[in-house]
Amino acid sequence: MRKKCVSGLRSSSAAPVGEPSGTGVYEVKPVKRGFPFDEMMKSLMDFFPEEAAPIITRISRGETSDPFVVLVGTLLSLRTKDETTEKVMETLIPRAATPRALLAIPDGELERMIYPVGFYRNKARVLEEVARTIIDRYGGRVPDTIEELLSMRGIGRKTANLVVTEGYGKPGICVDTHVHRISNRLGIVSTKNPHATEDALRRVLPGQYWIVYNSLLVTFGKRICTPLSPRCSECPIENLCPREGVARSR
Ligand code: SF4
């Protein structure tokens, strides 16, 4: 018998780990019309090999992938290096590929299994609570809408969007700090936070790029268009970029 009832957790323990809540009032400023997305996306696809894709994209392309695996991987990957998430997933997924299997892992062992990831104690509790909610409320199947996913404690907009796009292959634009920063530097949007950027991108980004946009820009943001001093001299889309808000570059 399990010693601890996860439904008894305090609400703060199941807060989304390391991502904005996705709620609140915000203003969407005008977005740029007519941006050459075809040229931008082709340049980025040509520049980065497929194996450079972020961990969640690689997980979603794996043979054992399904929406629950994508959900677990996304929750673990928040504020954690891809290499660390990848190692943990290799040992965790054989024992936790479904919500029931995850809940069958004895208390304390789940924490030990995911230990190298950041905030592992909090993430272990979030994983257990999310798994229990999926069983109790959705019969064991991960919901496939942003609204249903956001209704579960511990899941924020980034996670919900990745489950919908990478887990189910349904339309959605996952906006994290990389996507938010780069979209603003390129002048595609002029927004204050990722939620506003998501809303603005939904109005200008052609549908065929919605799913892949996150994957490409995360890789691009880690390697070239970095937060503090972007490597503009190596940038494959420098000709398209007004460098909005960039004070220093390499
Ligand atoms: S030119 Fe510089 S700021 Fe613009 S997208 Fe490229 S790396 Fe980022």
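My aim in this report is to walk through the structure given alongside it, one point at a time. (Residues numbered from 1 in each chain as written. Predicted model: local features only at pLDDT ≥ 70, side-chain atom pairs only at ≥ 80, totals over all residues. Heavy atoms only, no water.)

## Observations regarding the pattern of salt bridges
The following threshold applies: Any Lys or Arg side-chain nitrogen found within 4 Å of a carboxyl oxygen on Asp or Glu counts as a salt bridge. Each helix is a run of H or I in the DSSP string that is no shorter than four residues. Each strand is a run of E no shorter than two, and both are numbered from the N terminus.
The full count for this structure, using the stated rule, is eleven salt bridges. With a closest N to O distance of 2.7 Å, Glu198 and Arg157 form a salt bridge. Of this pair, Glu198 sits in helix H11 (residues 194–204) while Arg157 sits in helix H9 (residues 157–167); the two residues are 41 residues apart in sequence, bridging distant segments of the chain. Each member of the salt-bridge network shares a partner with another, and the members are Arg157, Glu198 and Arg202.

## A look at the packing of helix H3 (residues 67–77) against helix H4 (residues 82–92)
Worth spelling out the cut-off: Simply put, an axis is a line fit to the C-alpha atoms, just over the touching stretch for a helix, and the angle between two N-to-C directions goes from 0 to 180 degrees. For classification purposes, an angle smaller than 35 degrees is called roughly parallel, one larger than 145 roughly antiparallel, one from 65 to 115 roughly perpendicular, and anything else oblique. By convention the crossing between two helices is left-handed if the near helix lies anticlockwise of the far one by an angle smaller than a right angle, and right-handed if it lies clockwise. Throughout, a residue-residue contact means that at least one pair of heavy atoms, one from each residue, lies within 4.5 Å.
Close contact between H3 and H4 brings their axes to 10 Å; oriented N to C, the two are set at 140 degrees. If you check the angle between H3 and H4, you find them oblique. Like other packed secondary-structure pairs, H3 and H4 cross with a definite hand, here right-handed. In this structure, H3 uses Val69, Val72, Gly73, Leu76 and Ser77 to contact H4, whose residues at the interface are Thr85, Val88, Met89 and Leu92.

## Observations concerning the packing of aromatic side chains
Where we set the bar: Any two of the Phe, Tyr and Trp rings considered here, Trp counted by its six-membered ring, make a pair once their centres fall within 6.5 Å; the pair's planes then place it as stacked at under 30 degrees, edge-to-face at over 60, or tilted in between.
In the structure shown here, the tally under the stated rule is four aromatic pairs. Residues Tyr115 and Tyr120 carry aromatic rings whose centres are separated by 5.0 Å and whose planes lie at 80 degrees to one another, so their mutual orientation is edge-to-face. Three or more aromatic residues joined by ring pairs make a cluster, and in this case those are Phe47, Phe48 and Phe220.

## Concerning the site of the ligand
Stated precisely, the cut-off is as follows: It suffices for a single heavy atom of a residue to lie within 4 Å of a molecule or strand for the residue to be listed as near it. For this classification, the nonpolar set comprises Ala, Val, Leu, Ile, Met, Phe, Trp, Tyr, Cys and Pro, the charged set comprises Asp, Glu, Lys and Arg, and every other residue, Gly included, is treated as polar.
By nearness alone, every residue bordering the ligand is listed as Arg185, Phe220, Ile224, Cys225, Pro230, Cys232, Cys235, Glu238, Cys241 and Val246. Across the shell around the ligand, the residue classes tally to eight nonpolar, no polar and two charged.

## Notes on the nonpolar core
Here is a general trend for soluble globular proteins: nonpolar side chains tend to be buried in one another's company. Under the convention used in this document: By nonpolar core we mean a set of buried residues, namely Ala, Val, Leu, Ile, Met, Phe, Trp, Tyr and Cys, connected to one another through side-chain atoms within 4.5 Å. Categorising residues by exposure relies on relative accessible area from a 1.4 Å probe, with only protein chains included: less than 20% of the type maximum marks a residue as buried, more than 50% marks it as exposed, and the intermediate range marks it as partly exposed.
Core analysis: the biggest nonpolar cluster contains 41 residues, and Leu71, Val72, Leu76, Leu92 and Ile114 have the highest contact counts within it. Counting residues per element, the ones that place at least two in this core are helix H2 (55–61), H3, H4, helix H5 (99–103), helix H6 (109–114), helix H7 (120–138), helix H8 (146–150) and H9. Looking at which element gives the most residues to this core, the answer is H7, with eight residues. When near neighbours in sequence (up to four residues on either side) are disregarded, Leu76 contacts Thr85, Val88, Met89, Leu92, Ile114, Val117, Lys123 and Leu127. Counting residues in each nonpolar core, the second largest holds 29 residues, with Met41, Val204, Leu205 and Tyr209 among its members.

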